[in-house]
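# Structural features, examined
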Amino acid sequence: MRPETAAIHAGSHIDPQTGAVIAPMVLSTTFARNEQNELISEFHYARAGNPNRRALEERLAAVEQAAEAVTFSSGLAAAMAILHSLSPGDHIVVSPDMYFGIRVQLEALYSRWGLQFSMADMTDLAQVEAAIRPNTRLIWTETPSNPLVKITDLKQVADLAHRVGALCVCDNTWSPLIQKPLDLGVDLVMYSTTKYIGGHSDLLGGAVIARTDSETMQRIRFFQRMGGAVPSPFECWLMLRSISTLPQRMEAHCRNAMRLAEFLAQHPAIEKVHYAGLPTHPQHALAAAQMSAFGGMLSIELKGGKAAALKTIAGLKLFARATSLGGVESLIEHRATVEAAHANFSDSLLRVSVGLEHPDDLIEDFSNALAELVAH
Ligand SMILES: *Cc1c(COP(=O)(O)O)cnc(C)c1O
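Rules of the game
- Residues numbered from 1 in each chain as written.
- Predicted model: local features only at pLDDT ≥ 70, side-chain atom pairs only at ≥ 80, totals over all residues.
- Heavy atoms only, no water.
- Helix = DSSP H or I, 4+ residues; strand = E, 2+ residues; numbered from the N terminus.
- Rg over C-alpha atoms; globule rule 2.2 N^0.38 Å.
- Contact = heavy atoms within 4.5 Å.
- Areas by Shrake-Rupley, 256 points an atom, 1.4 Å probe, with all protein chains shown as cover.
- Lys, Arg positive; Asp, Glu negative; His and termini not counted.
- Charge placed at Lys NZ, Arg CZ, Asp CG, Glu CD.
- Patch = residues over 30% accessible without salt bridge, like charges linked within 9 Å, V, L, I, M, F, W, Y side chains within 5 Å.
- Salt bridge = Lys/Arg side-chain N within 4 Å of Asp/Glu carboxyl O.
- Buried < 20%, exposed > 50% of the residue type's maximum accessible area, 1.4 Å probe, protein only.
- Pairing = 2+ DSSP bridges.
- Axes fitted to C-alpha atoms, helices over the stretch in contact; angles between N-to-C directions.
- Domains from an automatic or database assignment.
- Buried area = accessible area lost by both parts, 1.4 Å probe.
- Polar contact = N/O pair within 3.5 Å; in protein donor to acceptor, adjacent residues only side chain to side chain.
- Nonpolar A, V, L, I, M, F, W, Y, C, P; charged D, E, K, R; others polar.
- Near = heavy atom within 4 Å.
- Parallel < 35°, antiparallel > 145°, perpendicular 65-115°, else oblique.
- Left-handed = near helix turned anticlockwise from the far one by under 90°.
- Core = buried A, V, L, I, M, F, W, Y, C linked by side-chain atoms within 4.5 Å.
- 1 Å grid on protein atoms, 1.4 Å probe; cavity = no way out; pocket = protein on both sides within 12 Å on 5 of 7 lines; lining within 4 Å.
- Points joined across faces, edges and corners; volume = space filled by probe spheres on them.

With that settled, consider the overall build of the protein. From N to C terminus, the protein includes 13 helices and 12 strands. Relative to the globule expectation of 21 Å for 376 residues, the C-alpha radius of gyration of the protein, 21 Å, shows essentially globular dimensions. Taking contacts inside the protein between residues at least 6 apart in sequence as the whole, the part at least 24 apart equals 70%. Of the roughly 16200 Å² that the protein leaves accessible, carbon and sulfur atoms contribute 55%. In the protein, the 31 positive side-chain charges and the 39 negative ones have mean positions that sit 3 Å from each other.

Put into structure tokens, the structure is as follows:
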């Protein structure tokens, strides 16, 4: 099945008892045995497994053209499952602009647990190579990066990881379907399914997906069951429904983001647009080679500094001033407010999650908000 078909059919079947085309939500936490004291189905207790979670994992794996998907109650729980598959004393290489929450996990939780980590700019292979130690077991990538939209060459980094006996992970939260890390040699794909996969800003979730059922995946599956950060039946049900339209939503997010990026790139109030789909992006060729489209996220820097950035977000009417991304509604965020002392980018920067509104309305909204700046 191609991803568009898998997104609708994988993990789905007509219910033999009722003929229901859409599987019901199963809220029972416990599952009975028959007179011979054998389990009636593969399920026995909802933390270990539930029909809605099973269906969701089948669909996620099929859409990624992979064998195994393990789901969690959030993206951070999925990240923890990967980190817990390592052992105290192991070393991992990460990027300084990795997702902020995972960096906090490493600094505040895993350093006490004895996991060592080094930071290296993943766009510079020599830096990554220099950060490798004899006990390096994992290289953690995230591309495009947040919020500067830097592109990591996944094949190069995965090859390096394998040369030194490590695994390569890609946090692919920004790029489901439009970037296929497993095809480029990456071992584990991680998602915050809260974002594009959920797609409607109404559920939290995470997933780890792999092509083979390795020892690492078995440990991740074990951590799901015994760590207990499992998604609820309702969230699994919602997510399964959301995935049906993921291919079409991604196409529309990418199309709208490209339109908006092109408009912003020529606007006199804008200093810089960070979007890999623009030919002026320094890594446009690499992005074009490893992605089939350029995603729905972009960042802009205003000529007028922080004051202009704050004035812009105050003047926009269609973009909610809120964190997160990947929903049908457009969002905008002054990232320096959120990352504060950790921010390694300009305080004139705004990050935009481009939604599924008509692109002309989004452009018009920006045009009005920016006109105020140019007028003064
Ligand atoms: C949101 C996000 C996460 C964390 O996921 P939660 O679902 O919020 O726990 C991890 N990585 C990236 C790139 C994200 O955007």
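With that settled, consider a nonpolar patch on the surface. Nonpolar side chains collect at one region of the surface, where Ile14, Val21 and Ile22 lie side by side and expose about 310 Å² of accessible area between them. Here Val21 shows up in the loop between helix H1 (3–9) and helix H2 (51–63). Given the relative accessible area of 53%, Val21 is considered exposed.

Across the sheet, which stays open at both edges, the seven strands sit in the order E1-E7-E6-E5-E4-E2-E3 with mixed pairing between neighbours. Edge positions in the sheet fall to strand E1 (68–72) and strand E3 (116–119), since each of these pairs with one other strand and no more. Averaged over all adjacent pairs, the angle separating strand axes in this sheet is 20°, with direction ignored. Relative to strand E7 (residues 206–210), E1 runs antiparallel, the two being bridged by five bridges. Looking across to E7, one finds that Thr71 is bridged to Ala207. Relative to E1, helix H7 (residues 215–227) is tilted by about 30°, and along the sheet it contacts E1, strand E5 (167–171), strand E6 (188–192) and E7.

On to the domain arrangement of the protein. Entries for the protein in the domain assignment read domain 1 (3–243) and domain 2 (247–375). On the side of domain 2, 36 residues touch domain 1, which itself brings 36 residues to the contact. For the domain 1 and domain 2 pair, buried surface summed over both sides reaches about 2900 Å², with 59% attributable to carbon and sulfur atoms. Sorting the residues of domain 1 by area buried against domain 2 places Ile151, Ile178 and Tyr196 first, and these three jointly supply 26% of that buried surface. Across the domain 1-domain 2 interface, the total number found is zero salt bridges. Across the domain 1-domain 2 interface, the total number found is 12 residue pairs in polar contact (both at pLDDT 80 or more). At the level of secondary structure, the elements contributing two or more residues to the side of domain 1 that touches domain 2 comprise H1, helix H4 (100–110) and helix H8 (233–244). In terms of residue class, the side of domain 1 that touches domain 2 is made up of 18 nonpolar, 11 polar and seven charged.

Turning to the pattern of salt bridges, a few remarks are in order. Here the structure, examined in full by the defined rule, presents 14 salt bridges. A salt bridge links Glu215 to Arg219; its shortest N-O distance comes to 2.8 Å. Of this pair, Glu215 and Arg219 are both found in helix H7, four residues apart, which corresponds to roughly one turn of the helix. With a relative accessible area of 55%, Glu215 lands in the exposed category. A single salt-bridge network, built from bridges that share partners, covers Glu333, Arg335, Glu339 and Arg351.

Turning our attention to the site of the ligand. Surveying the vicinity of the ligand reveals the residues Ser74, Gly75, Leu76, Tyr99, Glu142, Asp171, Thr173, Ser192, Thr194, Lys195, Gly205 and Leu325. Here Asp171 contributes a side-chain N or O atom positioned 2.6 Å from a nitrogen atom of the ligand. A total of 380 Å² of accessible area belongs to the ligand in isolation, and the protein chains cover 92% of it. Of the residues belonging to the shell around the ligand, the class tally is three nonpolar, six polar and three charged.

Our focus in this paragraph is the packing of H2 against H8. Where H2 meets H8, the axes come as close as 8 Å, and the angle between the chain directions of the two elements is 30°. When the axis of H2 is compared with that of H8, the two are roughly parallel. When you trace H2 past H8, the crossing you get is left-handed. Listed contacts from H8 to Asn52, Arg53, Ala55, Leu56, Arg59, Leu60 and Val63 of H2 are Pro233, Cys236, Trp237, Met239, Leu240, Ile243 and Ser244. The residue makeup of the contact of H2 with H8, split by class, is 10 nonpolar, two polar and two charged.

Turning our eyes to something else, we now look at the nonpolar core. Core analysis: the largest hydrophobic core is formed by 66 residues, its most contacted members being Leu264, Leu298, Ile300, Leu302 and Phe366. With eight residues, helix H9 (residues 246–265) is the single largest residue contributor to this core. Viewed by domain, this core spans two of them, domain 1 (3–243) and domain 2 (247–375), each represented by three or more residues. Once residues lying within four places of it in the same chain are set aside, the contact partners of Leu298 are Ala257, Ala261, Leu264, His274, Tyr275, Leu350, Arg351, Val352 and Val354.

Evaluation of the coordinates by the stated rule reveals four cavities of 30 Å³ or more. Estimated volume of the largest cavity: approximately 70 Å³. Residue lining of the largest cavity: Ser95, Asp97, Met98, Asp121, Met122, Thr123, Thr141, Glu142, Ser145, Lys150 and Thr152, and that is the complete set. Across the lining of the largest cavity, the residue classes break down as two nonpolar, five polar and four charged.

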